[in-house]
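Remarks on the overall topology
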Amino acid sequence: MDNTYIQCKATVLVVGSMVMSKYADPKTIYTPKDIQIDMLSEHGVNLTYMQAWRAKEKALEFLRGHPADSYSRLPSYLYILEKTYLGSIVKLQKTEDDYFLYVFVALSTSIKGWEHCRLVVVVDGTFLNSAYRGIMLTTSTMDATSSILPLAYAVVDLENDTSWRWIFEQFKHAYGEKLNMCVVSDQNESILKAASTIYTGMPHYACVWHIWTNVRSKFKKGHLMLSELYFFTARSYTLDELNERMSKIEEIDTHVKAYLHDISYHKWSRVYATVNQTWTMKSNITESLNAVTKDARQQLVVQLLKYMRTLLER
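Residues numbered from 1 in each chain as written. Predicted model: local features only at pLDDT ≥ 70, side-chain atom pairs only at ≥ 80, totals over all residues. Heavy atoms only, no water.

Looking at an unreviewed UniProt entry, one finds the chain named Protein FAR1-RELATED SEQUENCE 3-like, with Nicotiana tabacum as its source organism.

The structure is reproduced here in structure tokens:
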């Protein structure tokens, strides 16, 4: 307890080992401030915030290993995955300097399940919260009982034209192309470009909820009236219904009608859908998947991929 002999490095290592059990469950929220309070009340040791933060990082490293080590373990993990799940499509892409760029996984379980699901592919990306950040991209669909089936998942450095094009190339290799197949996503231009390039002529629909959030942020009038009217318009079964409801939207705010027209009715209106008129009109199945993986996205890359595999098994 003699402060003369307490070294910063030693304190961090010791405290990290003492609080390691607090982080065994990824859902646990235990902040550096909590470490400061507990160390002072339980052991009489006064830590600075930076010492507590470093102790937390050490505790996580003790539990999960160093972030860089996780990436170096990827090739061996993916090799075992391929050998265990025969028929899976697993791809690791590196830079010319041999640094990690992308990883893609479509398990044979999902590939077989796709034969019995709706031909609607819902795609999305979400941020990772681990040391090196990155983005997790997912593609999902729904089966006959409206249960969510993740089709493929990937980790990329950035969400851009190049990464989405690479993902769609791998997806096509795994799942091919089917008649009446379509993609649903938010209004991400990179997704639109990649999907139209790899799947020429395949319809791409915009999530009606994302369009509505854009309308709500861009235009300030009549949100209460517009909300119900907009969703009824999107679900219209006849042109007469759609035109009548668009006229009512115009009465509330002409700019909203112009905005929806510029997006193209084919993107968000059921009556203009060329395939699957009972289509999934929202990308909320990916939002559900993002919610389920929230804690796992704080893990290192190998642990995240393991979590996705066990999620599919369940």
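There is more to say, and it comes next.
Observations concerning the pairing of strand E3 (residues 120-127)
Across the eight residues that make up E3, a large majority, seven, are buried. Note: E3 against strand E6 (residues 182-185), three bridges, orientation parallel. Bridging from a neighbouring strand, Val 120 pairs with Cys 182 of E6. Here E3 pairs with strand E4 (residues 135-142) via six bridges, running antiparallel. (Buried < 20%, exposed > 50% of the residue type's maximum accessible area, 1.4 Å probe, protein only. Helix = DSSP H or I, 4+ residues; strand = E, 2+ residues; numbered from the N terminus. Pairing = 2+ DSSP bridges.)

A few points about the packing of helix H5 (residues 74-84) against helix H15 (residues 301-313)
Taken N-terminus to C-terminus, the directions of H5 and H15 make an angle of 20 degrees; their axes are 10 Å apart at the nearest point. With respect to each other, H5 and H15 are oriented roughly parallel. Crossing of H5 against H15: the hand is right-handed. Residues Leu 74, Tyr 77, Leu 78 and Leu 81 of H5 touch H15, and the partners they reach there are Val 301, Val 302, Leu 305, Lys 306 and Arg 309. For the contact of H5 with H15, the per-class residue count stands at seven nonpolar, no polar and two charged. (Axes fitted to C-alpha atoms, helices over the stretch in contact; angles between N-to-C directions. Parallel < 35°, antiparallel > 145°, perpendicular 65-115°, else oblique. Left-handed = near helix turned anticlockwise from the far one by under 90°. Contact = heavy atoms within 4.5 Å. Nonpolar A, V, L, I, M, F, W, Y, C, P; charged D, E, K, R; others polar.)

Points about the confidence of the model for the chain
Taken as a whole, the chain shows an average pLDDT of 87; of its residues, 94% reach a score of 70 or greater. Mean pLDDT in the chain bottoms out at helix H4 (residues 67-72), which sits at 77, and peaks at helix H7 (residues 161-175), which reaches 96. (pLDDT = per-residue confidence, 0-100.)

Section: H15
The first and last C-alpha atoms of H15 sit 19 Å apart over 13 residues, in line with the 18 Å expected at 1.5 Å per residue. For H15, every residue scored as buried is listed here: Val 301, Val 302, Leu 304, Leu 305, Met 308, Leu 311 and Leu 312. (Expected span 1.5 Å × (residues − 1).)

Quick word on the packing of aromatic side chains
Tallied over the full model, the rule gives 16 aromatic pairs. Ring plane angle 40 degrees and centroid distance 5.9 Å describe the contact between Trp 164 and Phe 168, whose orientation is recorded as tilted. You can see Trp 164 and its partner Phe 168 sitting in helix H7, four residues apart, about one turn around the helix. Of the two residues, Trp 164 and Phe 168, both sit in the buried class. Joined through ring pairs, the aromatic side chains of Trp 209, Trp 212, Tyr 230, Phe 231, Tyr 265, Trp 268 and Tyr 272 make up one cluster. Directly above the aromatic system of Tyr 199 lies the positively charged group of Lys 172, at a separation of 5.3 Å from the ring centroid. (Phe/Tyr/Trp six-rings, centres within 6.5 Å; stacked < 30°, edge-to-face > 60°. Lys NZ or Arg CZ within 6 Å of the ring centre and 35° of its normal.)

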